[in-house]
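What the coordinates show
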Amino acid sequence: MAGKKNIDLHVCATKMSDDLNKRYQNNTFNKIIHITNGLFNGDGGKLTLVFDTPLPPKGHIKESERKIEQKISDFTGVVTLAYDLSIKKKKGSMEIIVAESNTSCIFTLHYNLYVPTNQQVIEVPPNASFKKVRDILCRNIPPLEAVEPGSHFKEFTLGTAVDFGESKTVQFKHLLEKRTKNIGLAQRLIKNGKFMCYVSAFANHSAGHIYIGIDDNGIVQGEKITLRDQTDLKKEISKAIGNMIWPDNSNMQGGEEKRWQINFEAVKNTNGEIVPSTFVIVIYVAQCPGGVFTKQPESYQINEENEAVKIDFPTWKKIIVEGLERDKDDGKEINEASYEADVDEMLTELLNDNCEWSELKKAAENAQTTHDEVDVRLLCLSKLIKYCLRKGYYEKADEMFEEYKTILPESAKVEVFEVMEQYLLCLKERSNGNFETSYEIAEKCLNKLDKIQPGIISAAFFVLIAIVVNIIAMKKKNQSERNPFVSKAKQRNITIRLNVTYNTCTDSKLRKQTSDKRFT
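Residues numbered from 1 in each chain as written. Predicted model: local features only at pLDDT ≥ 70, side-chain atom pairs only at ≥ 80, totals over all residues. Heavy atoms only, no water.

**Side note on the overall build of the protein**
Tallying secondary structure elements over the protein gives 17 helices and 14 strands in all. Buried residues in the protein amount to 49% of all 520 residues. In the protein, 72% of the contacts between residues at least 6 apart in sequence involve partners at least 24 apart. (Helix = DSSP H or I, 4+ residues; strand = E, 2+ residues; numbered from the N terminus. Buried < 20%, exposed > 50% of the residue type's maximum accessible area, 1.4 Å probe, protein only. Contact = heavy atoms within 4.5 Å.)

**Regarding a nonpolar patch on the surface**
On the surface, V78, V79 and Y83 cluster together into a nonpolar patch covering about 390 Å² of accessible area. The topology assignment puts V78 in helix 4 (residues 78-84). (Patch = residues over 30% accessible without salt bridge, like charges linked within 9 Å, V, L, I, M, F, W, Y side chains within 5 Å. Areas by Shrake-Rupley, 256 points an atom, 1.4 Å probe, with all protein chains shown as cover. Salt bridge = Lys/Arg side-chain N within 4 Å of Asp/Glu carboxyl O.)

**Some remarks on the confidence of the model for the protein**
The share of residues in the protein with pLDDT of 70 or more is 78%, and the mean pLDDT across the chain is 80. When mean pLDDT is taken per element in the protein, strand 7 (residues 156-157) scores highest with 96 and helix 17 (residues 479-514) scores lowest with 47. In this model residues 251-256 is a low-confidence stretch, pLDDT under 50, and it forms 12 contacts with partners more than four residues away in sequence or in other chains. Low pLDDT, under 50, characterises residues 326-334; the stretch is placed with 12 contacts to residues that sit more than four places away or in other chains. (pLDDT = per-residue confidence, 0-100.)

**A closer look at the packing of helix 12 (residues 374-391) against helix 13 (residues 394-407)**
Two elements in contact, helix 12 and helix 13, have axes separated by 9 Å at closest approach and are oriented at 160 degrees. Between helix 12 and helix 13, the angle is such that the two are roughly antiparallel. The hand of the helix 12/helix 13 crossing is left-handed. Every residue of helix 13 that contacts helix 12 at V374, R377, L378, L381, S382, L384, I385, C388 and L389 is listed here: Y394, K396, A397, M400, F401, E403, Y404 and I407. Looking at the contact of helix 12 with helix 13 residue by residue, the class counts come to 13 nonpolar, one polar and three charged. (Axes fitted to C-alpha atoms, helices over the stretch in contact; angles between N-to-C directions. Parallel < 35°, antiparallel > 145°, perpendicular 65-115°, else oblique. Left-handed = near helix turned anticlockwise from the far one by under 90°. Nonpolar A, V, L, I, M, F, W, Y, C, P; charged D, E, K, R; others polar.)

As structure tokens, then:
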């Protein structure tokens, strides 16, 4: 499947732009999008739309072109659309040309992966950052406190508003449609697929409860339920949830009491009397890190017959988690460097957001579970040590320092992590108020800094030096003693900018290298 593809698709331009031909439009545009998606996920290529007449009306061509661009931008985003796709109109045809993309992953038309907001559950959009999707799959998302089973509200009064609202862990639903002989309560709940969206969202976040029998305004309406309905509902929910895609190692096999629970809470009238056969159905969905999908994500590749075929879920997940396969000898090295950069970015964001210790520790553990390399462990340790020094947990920091020193010789980048070690020592002395000692350590490390590639680590080191030098300068009593340190601080600031600029350039180059080989 390697190499650029050239595919012809015969279409009717008039029907493509005529809203009276909805079925033809949907089928044709779906074929175009599936093929284009497959070209983006491969080595690029050309899709030629061959019109049924040599000179179709210009208005139809223009309208078709607009719709094609819109549908493609939905999964690529406008930047990729602008730089990696071109459309050429010729006599009797239209060429959709896809360049070899610079993305480090594949494009997905529908993730079928949901997350909750305070008012609704939302599908992760196709042009969302695949890094965030990978974080969900790899459990790199900071752990959230999960809602416990059995913690739902149990008292309901017919026609009265409840004293809680919808949130990231609560959703209301009222089955307005009347039952028929052919459509029971269970089918009415599950038939449009919305129920599975709730399950996916709560499982991917912090668990939650679905209250069936409460309308959008929070008014208790109740649901008329027989004993037969209760049995059918449990059976159909178990079947629907079982058909969803759950993490392989979720330890959630077994249905009820594992992934979900159901309770039928009696509804009372305003006099406190139980209303016969009227309940609020409360369905609990358990938290399940690792990605819960309503169905298989939709992403395509082009096979040997030039047909767009859906990528199966295990292959799709492997590409999202590990990146595209590469023929280059240095592919593994590039991929690992990219992963380390992602881990560094994620942990740094947590540190900057003043996260809790448990959040940072869990995120670091998840990162190491995915890539159990010494360098990833050292990177995680450095962030954990930095957190402890910021918070004044010096004893805990010393314990991790010892582990850091022990495994440092096993690193593939010993010189880089030696500099990181000195940086952390400087930070420790600065945290203790020993600014002169911190400065002395930093000065002794300058020769080691010259031996490593400029980047974020070296830039961070020079930031620390500049801060310490400024503090020392401020503590000097007169201007003559202060000036040499002020001058050094200015020099360090220039060096910082050079290191950050170099890192930005090399990072862009790394991202480009990472995507040089496409999925085949």
